[in-house]
Structure formats: structure tokens, C-alpha cells
Amino acid sequence: MSPFPQSHDYFPIGPLRGVFLLPTQQSGEKRRSSHRDDSEMRWISVCFRNREAWPGFELAAGDLQGQFVVIQHHSDLRVPKMIITIDGPAGSGKSTISRMLASRLGFRFLDTGAMYRAIALAVLQAGNNPNEEAANAAAAAVAELKFDGDSLFLNGRDVSQEIRAPRVSEAASLVAASPAVRDRMVELQRAVGDTGSLVTEGRDQGTVVFPLAECKFFLTASVTARANRRLLDLQERGISQSLEEVRQQIEERDQRDEQRELAPMKPAADAIIVETSLLTIEQVLEQMLEQIRRRKAESGTDT
Ligand code: DC
């Protein structure tokens, strides 16, 4: 099935560029109760059962009988290019949220942690020590990294699963302190930023890599909440660890990522801090979209 609406699924309504009317029955949308006013438009919250099948679209309004919903493609907002940075510690919800945000906005997504993980894997596979600057620099210099959808290829091999192993997480945090590795990663990340609108997540995206990004977020959560999330994530991948082990690893990595000399993990001065411990993913996303709309409105580029 095409991820984009087919012509028989929707029809444009009048002069509003990029706004489509979607019959609720046909698309399987279900109506929910909450209403709120937003400037001239009446916004109605509708549950998108297959929302993931509509990347780049967001709900704009619903009609009063609940027969239709109006969805709008974010790429039609009059912004030629926008960089959104999302930094924060492991388990803060960054990865899931950044991916969903990119999908809703129709922006490219960049997982910079995966890049450090891939270099760490290369170092480990070469039998080298991730504490050695020369070995890290050599691995970064020759590594060819390529994203293809959700998969990451290292020198032509799909390493998406391998890089999530706990030993790679540990090594990635060591490798990430290497100046040569960081220089190379920053160069690659900026090259992606040059290609168009981007949601990029990591530790230094708002502070170092894209200091002029239009919208910066820093996600945080309590260590307990983060350890619980990470444990679930590992379980889903079939990796068995105790909560205490996960918690300890998270604390060690946080400390290393925060205290390293080069590009330490910290919020940019102009970052919006979002504390996610007690929020659902939907709530976090909604807060972030609201901020993005606000930024667009402030810069006079909103529709
Ligand atoms: O987000 P993650 O857990 O996949 O990141 C793996 C490691 O890479 C983490 O310990 C910190 C490091 N990292 C970094 O230093 N800078 C980034 N922009 C992204 C990740």
C-alpha cells in the first residue's frame, strides 16, 4: 500500500494548498471527543488508527457531523527548510519521538547515536580498544555509513540490529569522546542537514552540529523511567538484562556523555526542555508540535 493517500482517498478543498478532506468512514478514522479552538479554525482531535500510513500529514480539523477530517501536509507550510534538533540522554524517549515527529512533518530523520554505535562496532570487530584514539580515528576515517529507511549499513552491511547490543552501547559512549570520530560524524551530519528539512537526534545536535537550528528540544526523564523504558526496549529485541544492570549502565553512560570534554551532552541555551517521565508519547509529540507551530508563527512563516 502506498504510504501516501491515493486520489480516490481524498479530494482537495478549494484554495487551501495541500489541505485534503478525508472521509472518516473510508479511512477507518474514529472520532474522539476533545475539541479546541485554534485561531479561525476549529480543531477536533480524531484518533488516526492508521496514522503511520500518512507520513507528513497532520490533522487540521474535522467537520461537525464527524463525516470528514481535514488533514494537512506539513511540507506545505511555507518554510523552505527547517532543522529540528532533539538531544537528551538514553531512554528519554528521543528515538521514538524523533522518528514519529519526522514522519508527521514529512522531514528526513537522522539517528546520530546509531552513527557512533556503528563506529564502535567497527572498532570492536577489528579487535581494537574503544579507548584508543588512534584505533577510533582509523575506524571513523574508513567507515562508510549509509541509512536506508530505518536500516543503517556499515561498509555495505546492515548493522541495524548489532549496534543495539549492550556491549556496543558501552563502546559507543567511549568512541564518542574521540575528537577524530566526532569531527567526521559532525561533517557527515551537516551534509545530511544540507539536503533539506531534518529531525535529528543525539547529544550535541543543538549545541554543536546545528547551532542555528530553527527549533531545538532537549528531552529528559528520571533515571527510573529511562531504565524501565530501556529494559522494555531490550526485551523487545530479545536481549535479557536486569533492571538494576540497565539502570547502572544508563547512569555510567550519562556521566560519561555529560562530562566529556568535547561536545558534552547538554541542552542548548535556546533549547526547549521537555520532561517526559510522566507523559505519553502522544502528549510529548503534541507539546513539541505546538512549539514548532509557535516558532513558525513567530518567524512569520506559518500559514
Ligand atoms: O543515542 P544512543 O544511545 O544511540 O547513543 C549512543 C552513544 O553515542 C551515546 O553514549 C552517546 C553517543 N552520542 C554522542 O556522543 N553524540 C551524539 N550526537 C549521539 C550519540
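It should be noted that the structure appears before, not after, this text.
This one's a predicted model, so the numbers in the text were calculated from it and none came from an experiment. (Residues numbered from 1 in each chain as written. Predicted model: local features only at pLDDT ≥ 70, side-chain atom pairs only at ≥ 80, totals over all residues. Heavy atoms only, no water.)

Undergrad: How should I be thinking about the sheet that holds strand E14 (residues 272-275) in this particular structure?
TA: In a beta sheet, neighbouring strands pair by backbone hydrogen bonds and run either parallel or antiparallel. Pairing is parallel in the open sheet, where 5 strands are placed in the order E8-E12-E7-E13-E14. Two strands close off the open sheet at either side, each with one partner strand: strand E8 (108-111) and E14. Direction aside, the axes of adjacent strands within the sheet are offset by 20° on average. Pairing analysis gives 4 bridges linking E8 to strand E12 (residues 198-202), with the strands arranged parallel. (Pairing = 2+ DSSP bridges. Helix = DSSP H or I, 4+ residues; strand = E, 2+ residues; numbered from the N terminus. Axes fitted to C-alpha atoms, helices over the stretch in contact; angles between N-to-C directions.)

Undergrad: Would you mind showing me how to read the site of the ligand here?
TA: In the neighbourhood of the ligand, 17 residues make up the surrounding shell, with Arg117, Arg182, Arg203, Asp204 and Arg253 lying closest. Between the ligand and aspartate 204 there is a distance of 2.8 Å, counted from a nitrogen atom to a side-chain nitrogen or oxygen. Between arginine 253 and the ligand, the recorded distance is 2.5 Å, taken from a side-chain N or O atom to an oxygen atom. For the ligand, the accessible surface in isolation is 450 Å², of which the surrounding protein chains cover 98%. Every element with two or more residues in the shell around the ligand is listed here: helix H3 (112-125), helix H5 (166-175) and helix H9 (243-259). No other element matches the 4 residues that H3 contributes to the shell around the ligand. (Near = heavy atom within 4 Å. Polar contact = N/O pair within 3.5 Å; in protein donor to acceptor, adjacent residues only side chain to side chain. Areas by Shrake-Rupley, 256 points an atom, 1.4 Å probe, with all protein chains shown as cover.)

Undergrad: It is not clear to me how the sheet that holds strand E10 (residues 151-154) should be interpreted in this structure. Could you clarify?
TA: Spatially, E9-E10-E11 is the arrangement adopted by the 3 strands of the open sheet, whose pairing is antiparallel. The outermost strands of the open sheet, each flanked by one partner alone, are strand E9 (145-148) and strand E11 (157-158). In this sheet, E11 lies alongside E10 in antiparallel orientation, the contact comprising 2 bridges. The residue bridging leucine 154 from the neighbouring strand is arginine 157, located in E11. Its contacts with the sheet place H3 against E9, E10 and E11, and it is angled at close to 35° to E10. (Contact = heavy atoms within 4.5 Å.)

Undergrad: Could you clarify how one ought to interpret the packing of helix H8 (residues 223-236) against H9 in this entry?
TA: Two quantities define a packed helix pair, namely the angle between the helix axes and the distance between the axes. Running from amino to carboxyl end, H8 crosses H9 at an angle of 115°, the nearest separation of the two axes being 9 Å. Remark: the crossing between H8 and H9 carries right-handed chirality. Contacts from Val223, Thr224, Arg226, Ala227, Asn228, Arg230, Leu231 and Leu234 in H8 reach Leu243, Val246, Arg247, Ile250, Glu251, Arg253 and Asp254 in H9. Here the contact of H8 with H9 is composed, by residue class, of 7 nonpolar, 2 polar and 6 charged. (Left-handed = near helix turned anticlockwise from the far one by under 90°. Nonpolar A, V, L, I, M, F, W, Y, C, P; charged D, E, K, R; others polar.)

Undergrad: Before we go on, may I ask you to explain unusual backbone geometry in this structure?
TA: A negative phi holds for most residues other than glycine; trans holds for most peptide bonds. Within the chain, asparagine 155 stands out as a residue other than glycine whose phi angle is a positive 45°. Checked against the element boundaries, asparagine 155 lands in the loop between E10 and E11. One non-glycine residue, alanine 263, adopts positive backbone phi at about 45°. On the secondary structure map, alanine 263 appears in the loop between H9 and E14. With relative accessibility at 12%, the residue alanine 263 sits in the buried group. (Buried < 20%, exposed > 50% of the residue type's maximum accessible area, 1.4 Å probe, protein only.)

Undergrad: Looking at this structure, how should I read the environment of leucine 279?
TA: Residue placement: leucine 279 occurs in the loop between E14 and helix H10 (281-298). C-alpha of leucine 279 to C-alpha of alanine 221: the two residues are 58 residues apart in sequence and 9.7 Å apart in space. Excluding residues within four positions of it along the chain, leucine 279 makes contact with Arg229, Val284 and Gln287.

Undergrad: Before we go on, may I ask you to explain the pairing of E10 in this structure?
TA: Two faces, one strand: in a regular strand the side chains alternate between the faces of the sheet. Here E10 shows a clear split, with Leu152 and Leu154 buried on one side and none of Ser151 and Phe153 buried on the other. Here E9 runs beside E10; their pairing, made up of 4 bridges, is antiparallel. Within E10, the residue paired with leucine 145 across the bridge is leucine 154. Between E9 and E10, which pair antiparallel one after the other, the connecting turn spans 2 residues, and glycine 149 there sits at a positive phi close to 60°. What sits between E10 and E11 in their antiparallel hairpin is a turn of 2 residues, with asparagine 155 showing a positive phi close to 45°.

So yeah, pure geometry; function would need other evidence.
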